Amino acid sequence: MTTNVAVETTPEIPLWNDPTQDIGTRVSALIDAMTVEEKIAQLYGVWVGASDEGGEVAPHQHDMEEAVDLDALLPAGLGQLTRPFGTAPVDPALGALSLLRTQTRIAAANRFGIPAVAHEECLAGFATWGATAYPVPLSWGATFDPALIRRMAAAIGRDMRSVGVHQGLAPVLDVVRDARWGRVEETIGEDPYLVGSIGTAYVQGLQSAGVVATLKHFAGYSASRAGRNLAPVGMGPRERADVLLPPFEMAVREGAADSVMHAYTDTDGMPSAADEDLLTGLLRDTWGFEGTVVADYFGIAFLSTLHGVAGGWADAAGTALRAGVDVELPTVKTFGAPLAEAVADGRVPEALIDRALRRVLLQKARLGLLDADWSPVPAALRGADLDDPDALRGTVDLDTPENRELARAVAEEAVVLLRNDGTLPLARPRRIALIGPNATEPTAVLGCYSFPQHVGVHHPETPPGIDLPTLEDALRREFPDAEFTVVRGTGVDDGDTRGIAEAVDTARRADVVVAALGDRAGLFGRGTSGEGCDAESLALPGAQQHLLDALLDTGTPVVTVLLTGRPYALGRAVDEAAAIVQSFFPGVEGTTAIAGVLSGRTNPSGRLPVSVPRGTGGQPAGYLGARLAQASDVSNIDPTAAFAFGHGLSYTSFEWGELTVERPQADTDDAFSLALTVRNTGERHGTEVVQLYLHDPVASVVQPVQRLVGYARVPLAPGEARRLRVTVPADLASFTGRDGRRVVEPGELELRLAASSSDARLTAKVTLTGPARQVDHTRRFHARFEQEPTHLAL
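First, a word on scope: everything that follows refers to the structure included in this document. (Residues numbered from 1 in each chain as written. Predicted model: local features only at pLDDT ≥ 70, side-chain atom pairs only at ≥ 80, totals over all residues. Heavy atoms only, no water.)

Scanning the protein chain from N- to C-terminus turns up 22 helices and 31 strands. Its C-alpha radius of gyration of 27 Å places the protein chain within 12% of the 28 Å reference for a compact globule of 794 residues. Seen through its principal axes, the protein chain has C-alpha atoms that stretch 75 × 65 × 50 Å. Within the protein chain, the fraction of its 794 residues that count as buried is 64%. (Helix = DSSP H or I, 4+ residues; strand = E, 2+ residues; numbered from the N terminus. Rg over C-alpha atoms; globule rule 2.2 N^0.38 Å. Buried < 20%, exposed > 50% of the residue type's maximum accessible area, 1.4 Å probe, protein only.)

A few words on the pattern of salt bridges. For the structure shown, the criterion picks out 49 salt bridges. The partner of E788 in a salt bridge is R725, with the nearest N and O atoms 2.3 Å apart. Of this pair, E788 sits in the loop between β30 (784-787) and β31 (791-792) while R725 sits in strand β24 (residues 720-729), placing them 63 residues apart in sequence. Through salt bridges with shared partners, a single ionic network connects D399, R404, R408 and E589. (Salt bridge = Lys/Arg side-chain N within 4 Å of Asp/Glu carboxyl O.)

In a beta sheet, neighbouring strands are held together by backbone hydrogen bonds and run either parallel or antiparallel to one another. Pairing is mixed in the open sheet, where 5 strands are placed in the order β20-β28-β27-β22-β23. Each having just a single partner strand, β20 (665-667) and β23 (707-716) make up the two edges of the open sheet. Averaged over all neighbouring strand pairs, the angle between strand axes comes to 30 degrees, with direction disregarded. Across 9 bridges, the pairing between strand β27 (residues 747-756) and strand β28 (residues 759-769) is antiparallel. From the neighbouring strand, R752 faces β28, where its bridge partner is T763. (Pairing = 2+ DSSP bridges. Axes fitted to C-alpha atoms, helices over the stretch in contact; angles between N-to-C directions.)

Here we come to helix α9 (residues 246-253). Residues three or four positions apart in an α-helix share a direction because the helix packs 3.6 residues into each turn. Counting buried residues along α9, 7 of its 8 residues qualify, which places the element largely inside the surrounding structure. Within α9, burial applies to P246, P247, F248, E249, M250, A251 and V252. Buried-residue contacts for α9 involve α7 (192-208), β6 (212-218), α8 (237-244), α10 (276-286) and β26 (742-744). (Contact = heavy atoms within 4.5 Å.)

For the bond from A170 to P171, the omega torsion is 10 degrees, close enough to zero to count as cis. As for its position among the elements, P171 is in the loop between β5 (167-168) and α7. For the bond from L424 to P425, the omega torsion is -5 degrees, close enough to zero to count as cis. Within the secondary structure layout, P425 lies in the loop between β11 (416-420) and β12 (431-435).

Another aspect to go through is the nonpolar core. Within soluble globular proteins, side chains that are nonpolar tend to cluster in buried spots. Y202, F218 and L598 are the most contacted members of the largest nonpolar core, which has 224 residues in total. Membership of the second largest hydrophobic core comes to 32 residues, among which are F654, L694, V709 and V744. (Core = buried A, V, L, I, M, F, W, Y, C linked by side-chain atoms within 4.5 Å.)

Turning next to helix α1 (residues 23-33). What α1 keeps buried is the set G24, R26, V27, A29, L30 and I31. Its side-chain oxygen placed 3.1 Å from the backbone nitrogen of G24, D22 serves as the N-cap of α1. (Polar contact = N/O pair within 3.5 Å; in protein donor to acceptor, adjacent residues only side chain to side chain.)

This structure, assessed with the given rule, holds 15 aromatic pairs. Through a chain of ring-to-ring contacts, the aromatic side chains of F144, Y193, Y623, F645, Y693 and Y711 assemble into a single cluster. The positively charged end of K216 is found above the aromatic ring belonging to Y449, 5.6 Å away from the centroid. When the ring centre of W656 is taken as reference, the NZ or CZ atom of R761 above it lies at 5.3 Å. (Phe/Tyr/Trp six-rings, centres within 6.5 Å; stacked < 30°, edge-to-face > 60°. Lys NZ or Arg CZ within 6 Å of the ring centre and 35° of its normal.)

Of all 7 residues in β6, 7 are buried; the element is thus mostly enclosed. Taken together, the 2 bridges between β5 and β6 define a ladder with parallel strand orientation. Counted as the bridge partner of G168 is A213 from β6. On the question of chirality, the crossover connecting β5 to the parallel β6 by way of α7 is right-handed. Alignment of β6 against strand β7 (residues 259-262), held across 3 bridges, turns out to be parallel. Across the sheet, F218 pairs through a bridge with H262, a residue of β7. (Right-handed = clockwise from strand over helix to strand, strands pointing away.)

Time to look at a negative patch on the surface. A cluster of like negative charges, contributed by E53, D385, D387, D388 and D390, occupies part of the molecular surface. Relative to the assigned elements, D390 resides in helix α15 (residues 389-392). (Patch = residues over 30% accessible without salt bridge, like charges linked within 9 Å, V, L, I, M, F, W, Y side chains within 5 Å. Areas by Shrake-Rupley, 256 points an atom, 1.4 Å probe, with all protein chains shown as cover. Lys, Arg positive; Asp, Glu negative; His and termini not counted. Charge placed at Lys NZ, Arg CZ, Asp CG, Glu CD.)

Moving on, we come to the environment of I149. Note that I149 resides in helix α6 (residues 146-162). Between the C-alpha atom of I149 and that of P137, which follows or precedes it by 12 residues, the distance is 9.5 Å. Those residues in contact with I149 that lie beyond four places of it in its chain are W140, T143, I198, Y202 and V410.

Before going further, it helps to spend a moment on the environment of P14. Relative to the helices and strands, P14 resides in the segment before α1. For P14, a relative accessible area of 23% gives the class partly exposed. Counting along the chain gives 565 residues from P14 to A579, while the straight-line C-alpha distance between them is 67 Å.

Okay, the side chain of R183 next. Counting through the fold element by element, R183 comes out in the loop between β5 and α7. The class for R183 is buried, based on a relative accessible area of 2%. Separated by 2.8 Å, the side chains of R183 and E186 make a polar contact. For R183, the side chain forms a polar contact with the side chain of Y449, separated by 3.4 Å.

Before going further, it helps to examine the side chain of E531. In this structure, E531 sits in the loop between β14 (512-518) and α20 (544-552). The exposure class of E531 is buried, given its relative accessible area of 6%. Among the polar contacts made by the side chain of E531, one reaches the side chain of Y449 at a distance of 2.6 Å. Once you skip the residues sitting within four places of it in the chain, E531 turns out to touch G182, R183, E186, Y221, N229, C448, Y449, G522, L523 and F524.

So, on to the state of the cysteines. Taken as a whole and assessed by the stated rule, the structure comprises 0 disulfides. You can see C448 has no disulfide; the closest cysteine sulfur is in C533, sitting 7.3 Å from it. A relative accessible area of 3% means that C533 is categorised as buried. (Disulfide = S-S within 2.5 Å.)

With respect to the helices, strands and loops of the structure, P75 is situated in the loop between α3 (70-73) and β3 (80-82). Under the relative-accessibility criterion, P75 is labelled partly exposed at 45%. Not counting chain neighbours up to four residues away, the residues in contact with P75 comprise A109, N110 and R111.

At a minimum axis separation of 7 Å, α6 and α7 run at an interaxial angle of 35 degrees. α7 is crossed by α6, and the crossing has right-handed handedness. On the side of α6, the interface is formed by P146, I149, R150, M152, A153, A154, I156, G157 and M160, while α7 contributes S197, I198, A201, Y202, Q204, G205, L206 and S208. The residue makeup of the contact of α6 with α7, split by class, is 11 nonpolar, 5 polar and 1 charged. (Left-handed = near helix turned anticlockwise from the far one by under 90°. Nonpolar A, V, L, I, M, F, W, Y, C, P; charged D, E, K, R; others polar.)

Quick look at the structure:
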């Protein structure tokens with residue numbers, strides 16, 4: 001049977017299918033031609049799984065939802081297909097064929113030939129079987145390198161679009177407020193500027209490949225009480241405006257993100273999915289967002305079941321639509337028959353349906369899905385024999401050498417050297433004791449939204465589909481002449497101490513110990529990090545601290561290697577370990593990157609995107625605190641970090657100097673300018689990360705002691721110096737004032753040029769003059785760093 005891959009059209013192209021016409025006019029004409037049932041059908045998705053035989057997708061049965069009858073739904077149309085590749089293992093080529101055939105069926109079944117938007121997860125790469133698993137977002141933050149993350153996101157987007165995917169559910173722009181929260185690994189860090197600048201780069205990269213980026217979770221999800229997943233949020237409007245919202249502002253304005261996902265949580269009693277001031281007043285009316293707002297999975301139903309602000313499915317649907325939610329995901333429930341009945345009896349105005357529908361259809365038009373020449377055949381299958389699925393198997397490679405090289409580049413830049421007494425780089429050790437639960441575990445480099453950890457765990461009979469070298473594999477390749485003894489010692493979280501004695505004996509006979517510790521990613525309690533895997537304290541899981549302390553007692557130098565999804569307190573190791581290497585779930589090339597740092601093949605340049613605590617309690621902490629959040633004589637809890645935000649060591653040394661403040665005074669609508677010189681005074685090439693913090697000593701409302709407002713990576717050869725000129729707009733000093741509006745106030749400021757939030761190298765005292773000035777989301781977001789031509793010291 002020949003697969004029909006063309007959508008039949010009449011000789012006269014309908015207005016809505018004519019790409020030469022104005023897009024708004026096309027969409028208006030289509031809306032006018034649709035019935036209420038057809039309109040509503042475009043506002044929901046159906047959760048499906050692609051066929052590994054290349055046949056049409058099958059509805060996915062989730063324990064929270066009833067079965068879906070596609071035959072009954074499709075004549076009215078369908079807005080979205082949920083995770084056809086990310087629901088079960090499927091060969092990429094056959095998954096693409098399955099999606100192609102399904103899109104053909106969807107388009108043929110409805111009067112207007114409209115296909116569905118297919119969306120997938122892509123928090124650390126395209127979350128499908130056989131695709132490259134890149135480092136998690138917390139590692140993106142550790143790079144302090146937006147350009148590299150933009151390249152990575154573009155590669156992810158190209159892979160997704162090549163097999164027929166239109167939308168990616170990333171990036172996560174939640175700012176870490178409590179490191180106990182299980183989803184810290186999915187965030188970019190604890191600073192809004194870092195999150196915003198890196199997240200916006202990801203949006204730009206993904207959308208450059210023709211894939212819609214989805215900002216999540218809007219807004220407040222990461223600030224839940226006690227770090228518990230999906231717990232209430234109690235912050236005030238000023239903290240929300242100054243900490244949680246700026247990354248979304250930046251990604252909407254500079255990234256032109258085309259979709260936003262509402263958060264599950266309620267803030268001060270208002271669920272995000274019901275918050276019209278947030279989803280319409282702020283996001284659309286103020287910021288000018290023109291894309292779609294999609295529901296976090298089951299989030300509209302949660303208005304009734306979890307939040308208690310809706311009396312049933314129809315009430316939940318109407319509440320969400322009024323607030324500004326356009327699409328129900330992952331599958332139809334409240335936006336189906338309950339919404340249709342509510343429109344029919346007048347409880348929900350049809351105008352709300354039309355408003356959401358216009359946004360959905362405009363997005364489909366931008367994706368080319370309304371064009372008369374639309375074809376369901378994705379790039380990966382063009383020219384292939386679509387009638388021979390067996391011949392297609394294995395022909396689409398989503399884990400190419402180019403992908404792996406890019407994954408390695410991100411992993412290498414993200415490795416953070418926290419401590420080093422000179423033991424690293426290892427100088428050809430003869431006997432290495434490799435000890436710990438993550439020494440031989442292939443998946444220790446993967447986050448909870450990687451396909452093997454997210455879906456593959458439910459299919460143990462299926463191999464992971466990607467090469468995952470263990471840390472042992474990587475170290476044996478890196479040190480081929482060394483003698484290795486590998487001992488587990490204890491599990492990640494089993495608390496078993498029976499193997500510690502063997503680990504101690506092994507350590508005493510070695511020249512150096514590499515202690516491979518950390519997390520296991522999973523979901524809803526299946527791991528120590530990930531969605532629903534929140535921590536009671538920031539102690540290393542299980543008996544790992546006990547193992548680490550026992551190794552330190554041996555006297556053999558201990559290099560602690562951490563493969564984690566969050567920062568942990570490390571006890572004595574902070575002061576006694578020979579070295580500490582932190583890597584946040586670094587992806588498929590992560591162990592190779594770590595091995596390169598241990599050997600010195602790679603000079604580490606990563607910087608902490610989150611503070612590493614000294615104590616296991618005292619949360620929430622983080623560097624972005626006001627004066628009352630610092631250590632004091634009136635509390636016995638000292639929240640001072642063991643390793644501060646922005647910290648990271650190198651195998652070379654840098655000297656900062658020659659600070660000149662060229663414009664120490666500026667009006668509140670102008671900018672400061674200054675310059676400094678950074679010199680590599682060591683014997684090998686290295687990259688310094690110059691961080692710019694702003695300190696406002698006197699303001700009309702309480703401010704953080706300091707906050708990051710800019711940064712630059714500065715690569716330098718031995719003896720090389722580079723002059724940096726920095727322009728700092730007054731807008732960067734803005735904050736939410738007493739009346740709830742963002743303001744730049746006159747007064748004295750400090751601009752701290754620093755190697756971390758606790759290591760200011762140069763300080764410029766500057767003054768803002770003139771009247772206080774109100775600013776909004778169109779304000780300038782960035783300090784401009786200009787690196788002048790280099791010169792070598794004589």
